[in-house]
Each structure stands twice: as structure tokens, then as C-alpha cells.
Amino acid sequence: MALDLPTMGRMKLGAPIQIEIVMHAARSSSFSELELAIEGMTCASCVKRVEKALANVPGVAQAQVNLATERARVSFDPTAAEPQALVAAVGKMGYEARPIAAQDDHAERQSEARDAEAHRLQRAFIAALVLTLPVFALEMGSHLIPAMHHWVMETIGRQNSWLLQFVLTTAVLVWPGRQFFTKGLVALWRRAPEMNSLVALGAGAAWGYSVVATFAPGLLPDAARNVYFEAAAVIVTLILLGRMLEARAKGKTGAAIKRLIGLQPRTARVLRDGQAQDIEIERVRTGDIVMVRPGEKIPLDGDIIEGSSYVDESMLTGEPVPVEKQPGMQATGGTLNTSGSFTLRVTHTGADTMLARIIRMVEAAQGARLPIQAMVDQVTAWFVPAVMAAALLTFLAWFFMGPEPALSHALVNAVAVLIIACPCAMGLATPTSIMVGTGRAAEMGVLFRQGDALQTLRDVNVVAFDKTGTLTLGKPTLTELEPSPGQDAQQVLQWVASVQARSEHPIALAIVAAAAERKIELLPAENFAAITGAGVEATVAGRKVLAGAARLMAERGVDVSAFGARAADWGNEGKTPIYVAIDGQAGAMIAVTDPVKPSAVSAIAALHAQGLKTAMITGDNRHTAQAVARQLGIDEVRAEVLPDGKVEAIATLREGGRKVAFVGDGINDAPALAAADTGIAIGTGTDVAIEAASVVLMADDLHGVPNAIALSRVTLANIRQNLFWAFAYNAALIPLAAGALYPAFGLSLSPIFAAGAMALSSVFVLGNALRLKAFRPHGRQA
């Protein structure tokens, strides 16, 4: 195992991750990225229209729009395009756009806007229902109940009944149903039809035909003088019901973000001028001293300078056991102080806090586009025009070849086709599952930094682990020291510890700690040098001391064969042998043991239960690595791997077309995390490792690995279910709506039932996605 690597100590929770999602320099230095909040989108066609409008702005390299999050992410050249131009392009298509600033409270505002929209739709639905019920009773009641028909004819009369239906239906279309026409007809005028266009055409056609039958019956054949006011009114009412339920369900899909936002207190008790005062969280500055009392949430990230307590960090890490906090340790804003009181010095505020960065990571993952979405995009690009063409063909077929009254049959079936095929469910199928899945993951302490990791993780065949700090605690202890003949163990330890005091590697810290326990005084080390991936050397008390792995000794010509049998025994026991050379001669061999994490055995077993192979990639010697692998049940071992060899080890694991996920926490793991199909970083690890990974486990608990993979699998399965329902369900009902079964079986689909079925499609997709909230993790995470 290498002794010269830079620090692999645990990353404190308040340490910066250096992640910026909202506005930042893109991969190319000449491009920037901007997020826009989009209002007014209702279906997959809306998404395509907004994307096309943004992509057509000069200077825009890429635009991605998400229906579920109601956001657009645009990569553009700031010298050729401005945010105002992007907003204007969206506005020209009939939607509203607003840039989301880096410290914007967009998620909270979006939640409030969704609640307001749900209430607005509820009011519109109630108004439409009140106006529609009399229309439905007058028309359908007369058809279904003979006594009702006689009563209407004798007391109201057919013409007066039609006039009353006309007034009530017109009120439905002009008042609660106005949005379908204002948006849908404008979209038609722009030759970019979408869901509102289909509803407007369907309801408008039924209403227009009925108006002619009511006020100019001479224009129609006798057999075709019927009214369909109830179809127009019920279509609008049912679709408003569907949208109301959809808006409520959308609010639930964003519950994880809302819960994270709610973790941060609104005020903090700050010591200023010797006085404690409660001030708004926005006014707290870096360096302020904040008092935290028992039972309070910690307001901001900071270093504890006085007092001690146990802090419940489960809301961020998923770890249910409170963590002890003492002076010198860091506390994270939003976590709960369960007992004791302490003061902390604020280190991060606003958008720089850990909680704010986590929220941005979750938002970014929720807005991501999976590869599977490409198929949806291709279909929705032509779906609405195809539906309109199918409706036109249906009308013509029934008009010219249908039974009398041909015009009525043609109208009813064409309207049913328009309504049944609304593509709103298609636009919601993928993003809603992503939102709920990544939100549930965040509650478990699993953060998908890149949304597409949901899909890549599902396809993984092999999960490879780093050893030190990932499978083990990363806190080695010196257990044995065997000196060469003629060497004094105490003196050798003094020399080695004096050299290792210049290193921050966990094994070096273990050797220094062992010297401190024995009250051995350290000596000055001169000419210190680190040998990459092998060990360290320095001059102590006039002696040239070299410490490291067996390969380093071989390179320097140091004969350590006398320790061969003992080294093999230690390796079989899971101990790491460290060789020491004094003035070019073998001086001693030291045994260091790093205990495995309590969660490692059951996490590996859970991965095997999922049908996955496991591997370990480590710089440790082969005997020690094999011993740890046997203890944990790991299938494959790549031992004595130099830091720059981990990428090659990943490549060998890929042989045969296998997909590899790599789990690590150290700086030397960053290349492997980036090279793997999916990189999973332990969130208590180094910033560099987290930055290179696409999935981050906030808790130091390996159960997060099988949890993340299991969640990716159920989320992708959920997406496939949604897509099947959205595509197959609508496509299967189009022939029924067109009247294909009428000639043989006398079956046709009324526009009213078509509207109900269409609304049910969207509600089913959202309800199915919300099932992911019930996902239960493996192990201790909640």
C-alpha cells in the first residue's frame, strides 16, 4: 500500500464540494449554462416547442426542457446570446420564462406556484362541474332514462333544452375552459399544435356542430340534427379534473426538495457585541459565532468552538444514529442538535452551505434527461400532427362511407380520436419517475449528481471497491513490529515514526500514533521524499530510513527475504506488512491492520443477492487483499495496483462487455471514479473523489451502494411502465375512438369517455411514479 499519497482523511461535512449547477462555466470555456423556469407547458409537444425555440436562438449550443420540473437548461455562448433573448424566444411560443439565479429560492417559489395552480384548477373544475351537470342531465339523461326524456319534452321542450345547453356549455368553454382555446388555437396558428390544440379542436368541433343544429338546422340533413353540447362540456370538465389531479401529484413529486428546503431554520442566535440576538438567516455572515441549544436545528455550516452534543444528521445522510460533536469538529446546517449545547463559528452561508449544494445536486438530477428519453422525443415530434391526421381521416371515412347520420358519426369519432390521443402522459412518463426516484434517494442519503447515472447504474454487472477508507474504516492501527537481528524495536519505531510524521496517509498516522502511545519522542527528519505509490524516505539522526512496500525494497536493492514467511502469515491474517530499511539494510517489518466497516459484509451480500459480481482494487499487497476479500466475500481482487493503475484495472474488469461501477473515497480514486461506467463516492471522502463521481453516498455506510443500484432498477422499471401506459394505452384506444370496431361489434368510444380515459392516462403515470416513494432501503438507512 502506498505511503506517500496526499491526505485521504475524511472530508468534513461542511467542506466545499465545489458544485455549481445554476450558472457556471460549461466544459468549453466559451460557453455558459443557464436554467430557466418555464410556465405554461402541459404536454410533451410543449417541451419540443420550447426546446426548438431555445435551440434556434443564435449562440445556443444545447437546450434541454423538463416537463415535470418545468425547467429548461440552456448551454450558450454569452458573447452571441443573452438571457433576455432566451426568455423572449420562449415568450414568442406562448410560454413564460424566468432565469433562475444561483441563490434563487426557485424551488420554494415553484412549490408555491404549483399549489396556487392546483387551487386555480380546482376552482375551474368546480365551476365547470356545476355548469356541466345540468347539460349532462338534460341530454344524456334523456337518452338513458325514458321518463327523463318525456319530462324534458313535455316541460322544457327540445328547442328550449338545446338553448339552455348552449348557454351553459358556452359558459363552460368561455370561463373555466378558456385556457384550452387561448393556448391551443394560438399554437395551431403557429403551426405547432399541442395538447390544448387537440382539446380545443375536439370540444370546439362538438360545440360548433351543436350550434349549427340549434340555430341553423336547415343546413343539416334531418337525420343529422343532433346536439353534442354535453360532449364539449364534459370533455373540458374531465380534462380539468385530470389536470387538477396532475397538479396535486406534481406537488408530491417535488416533496423531497421541499423537505430539504424546510430543513434550514429561518433565524440563528448570533453573538454580536457580547449579546445573543436572533437574526434572519440571510443576515448571518461567515465568521459569526452562533449558539445552538438542545432540540434546535443547526442554522448554518460551521466549526464547533465550545461545548459538545450529539447531532442527528439523518435528514442529510440517512444515518439514524446521532453523531457525537466536540470542539474542532464541523456541524452541518439543517441537522438537529439532540442534546447538549454548543457554539460554532460559521464557515459557509447562503448558496455555499452543504444543504444548499445538496438541493442543487438533487435539482440537477431531477432535471436530467436519460438516454431512454430520446425515444420519447422522437415519437412526440410527430405524434400530435399524426393524431390530427388520424382524426381527419376518421372524419372523412365516416362521412363518406359511414351509416346515416354520417355527419354525426364522423364528428363524434373524429372528436374522440382528438381527445383520446393527447400526449400529456408521454411528456410526464420519464421526468416524474426521475423526480420521485432521485428525491427518494436523497432521503436515503444517496445523491445522484448526474441524473443519467440512474440508467447507467441499472446496467452495472460488476461493483468494484477501493479498500482503504471504503471497505475498511481507514483508521489503521500498528499491531506488531518485528526488528531484524541487531536492531532495537523501540529505536526503529522512533526513526520510522519521525519519517512518517511528515506524511498524512492513514498508515503513516497509525505508526505515529503507536509511537505516541509508547511516549517515544520524534526526531527531526531531513531530506524527506515521497515515492509515488510505494513509500517514503528521509534522514533521521544520521540514518537513511526507507519505509514502504516490498516492491520499493526490491527497487532499492534491499533484501527482505528473511521476513518472507512472516509477511505471508500477516497477509493471510489481513494485516498489511510495511518494510523498513536502515542505511540500505533490512531493519524491521511492521504490521498494520485496518478493520473492515461494519456495513461492508452485509452490503456485499446485498449486491450478490442482486446478481452482481464484486471486486476490490487496492494498492495493498496480494496476501492482505485476499484476506480482506475472503472476510467480505468479494469475488475478484486486483492487488498491488499503483494509483495510476486503477483506471487500467477498471478496463480489465470491463472485458466481456461488462459494465463497472467503482466505489471510492480518496484523491487517488478520482481517475477510477471518472473512468468507471458509474462512479460512486463516499460522501465523507475527499472533495476530488466526490467531484469525479456521478453518485455520492452522504453517509459512511456501504448499504448505500446496493440501495442506489436497487433504486435505479426500480426507477427504470417504473419509467418503462409509464411509457408503456402512455404509448400503448393511447395507441390502442385510437382505433376504438375512430370506430374501427363499430362495423363488426357496434362498439364506439364516446368523446366523453375518451376525455376520461385521456385524463386517467396522465393520472395513472403520476400515480405510478409516486409508488417509488415507498421504496424501502437495505440495511440501516431510512
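Each value, and the rule that gives it
Residues numbered from 1 in each chain as written. Predicted model: local features only at pLDDT ≥ 70, side-chain atom pairs only at ≥ 80, totals over all residues. Heavy atoms only, no water. Axes fitted to C-alpha atoms, helices over the stretch in contact; angles between N-to-C directions. Helix = DSSP H or I, 4+ residues; strand = E, 2+ residues; numbered from the N terminus. Parallel < 35°, antiparallel > 145°, perpendicular 65-115°, else oblique. Contact = heavy atoms within 4.5 Å. Nonpolar A, V, L, I, M, F, W, Y, C, P; charged D, E, K, R; others polar. Pairing = 2+ DSSP bridges.

Asks: What is the right way to read the packing of helix α6 (residues 178-189) against helix α7 (residues 195-215) from this model?
Replies: Geometrically, a packed helix pair is captured by the angle between its two axes and the distance between the axes. Viewed as axis vectors pointing N to C, α6 and α7 meet at an angle of 110 degrees, and their least axial separation amounts to 7 Å. It follows that α6 is roughly perpendicular to α7 by the angle criterion. Each of F180, F181, K183, G184, L185, A187 and L188 in α6 lies in contact with α7, whose residues at this interface are N196, S197, V199, A200, L201, A203 and G204. Grouping the amino acids of the contact of α6 with α7 by side-chain chemistry returns nine nonpolar, four polar and one charged.

Asks: What is the right way to read the sheet that holds strand β10 (residues 309-312) from this model?
Replies: By way of backbone hydrogen bonds, the strands of a sheet pair with one another, either parallel or antiparallel. Sheet architecture is open: three strands sit in the order β11-β10-β13, paired in antiparallel fashion. Strands at the two margins of the open sheet, each flanked by one partner only, are β11 (323-325) and β13 (336-339). The mean inter-strand angle of the sheet, taken between neighbouring strand axes irrespective of direction, is 45 degrees. With three bridges joining them, β10 and β13 adopt antiparallel strand pairing. When the sheet's bridge partners are listed, Y310 is paired in β13 with S339.

Asks: Looking at this structure, how should I read the sheet that holds strand β17 (residues 477-483)?
Replies: Here we have six strands laid out as an open sheet, ordered β17-β22-β21-β20-β19-β18, and antiparallel in their pairing. Pairing within the sheet leaves two strands with one partner each, and these edge strands are β17 and β18 (525-531). Each adjacent strand pair in this sheet contributes to an overall mean axis angle of 20 degrees, direction not counted. Examined bridge by bridge, β17 and strand β22 (residues 585-593) share six bridges and lie antiparallel to one another. Along β22, the bridge assignment pairs E482 with M589.

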